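Take a look at the letters that make up each chain.
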Amino acid sequence: MKKVLLVIVALVMCAGAYAQIETPVRWSYAAKKLNDKEAIVFLKATIQPSWHIYSLNVKDGGPIKTSFEFTPSKLYAPVGKPSEPTPVTKYEKAFSMNVSYFEKEVVFQQKISLKSASAASVTGKLTYMTCNDKKCLPPEDVDFTIPLGK
């Protein structure tokens, strides 16, 4: 009986190992120094066809909005709020409300105040949720490091 149970457990574990994890969004990063005191960081989401991610500005009661947290540092600080291009806004039955989202790709921008010339990169975490017309994936947290260049 124990052998049969072990075989079943092993089969279940193997099947789980072959399950495909869906990753319809890929993130990339860049920065542009404006001068010794300011930079702009760019966080780009490349989104597979039929999927979308949500705007930075989603009302309560809707999906998880995209958000960014920058790691506190003595070398830099975010200035104001991040910006985004104009999103698509449509009614989604799943949330019973109009929601704003992006398809294909989107580039978010954040102005950064450089408190030190030795600031080499900006770090933080972004949170986003992705859906298609059939399902939503759980919100995902992604750590990022964005080199500031020279």
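Look above for the structure.
Counting restarts for each chain, with residues numbered from 1 along the sequence as it is written. At least 70 in pLDDT is required for a residue's local features to be given in this predicted model, at least 80 for side-chain atom pairs to be given and counted, and no such filter applies to totals for whole chains, interfaces and linings, which use all residues. Only hydrogens and water are set aside; all other atoms, that is, all heavy atoms of the structure, feed into the side-chain values.

Numbering of helices and strands starts at the N terminus; helices are DSSP runs of H or I of at least 4 residues and strands are runs of E of at least 2. Examined against the element boundaries, E103 turns out to sit in strand β7 (residues 97–103). According to the relative accessible area criterion, E103 is partly exposed, its value standing at 43%. In this structure, the C-alpha to C-alpha distance between E103 and T46, residues 57 residues apart in sequence, is 8.4 Å. Should any heavy atoms of two residues lie within 4.5 Å, those residues are counted as being in contact. When residues no more than four places from it in sequence are discounted, the contact partners of E103 are I47, W51, H52 and V88. Working definition: with a 1.4 Å probe on protein chains only, accessible area under 20% of the residue-type maximum means buried, over 50% means exposed, and in between means partly exposed.

Reading across the sheet, the 4 strands line up as β1-β2-β8-β5 and stay open at both edges, with antiparallel pairing between neighbours. This sheet does not close on itself; its edge strands, each paired only once, are β1 (25–33) and β5 (76–83). Averaged over all pairs of adjacent strands, the angle between their axes in this sheet comes to 25 degrees, without regard to strand direction. Bridge analysis of β5 against strand β8 (residues 105–114) gives 5 bridges, and the strand direction is antiparallel. From the neighbouring strand, A77 faces β8, where its bridge partner is S113. Two strands are counted as paired when DSSP detects at least two bridges linking them. In this analysis an axis means a line fitted to C-alpha atoms, helices contributing only their contacting stretch, and an angle means the value between N-to-C directions, from 0 to 180 degrees.

A few words now on the state of the cysteines. Such a bond, covalent and formed between the sulfur atoms of two cysteines, is termed a disulfide. A pair of cysteine sulfur atoms is labelled a disulfide when the two atoms are within 2.5 Å. Tallying each qualifying case throughout the model produces 1 disulfide. Here C131 connects covalently by a disulfide to C136, the sulfurs 2.0 Å from one another. Note on the C131 and C136 pair: the S-S dihedral is about 105 degrees, so by sign convention the disulfide is right-handed. Its relative accessible area of 1% is what places C131 among the buried residues.

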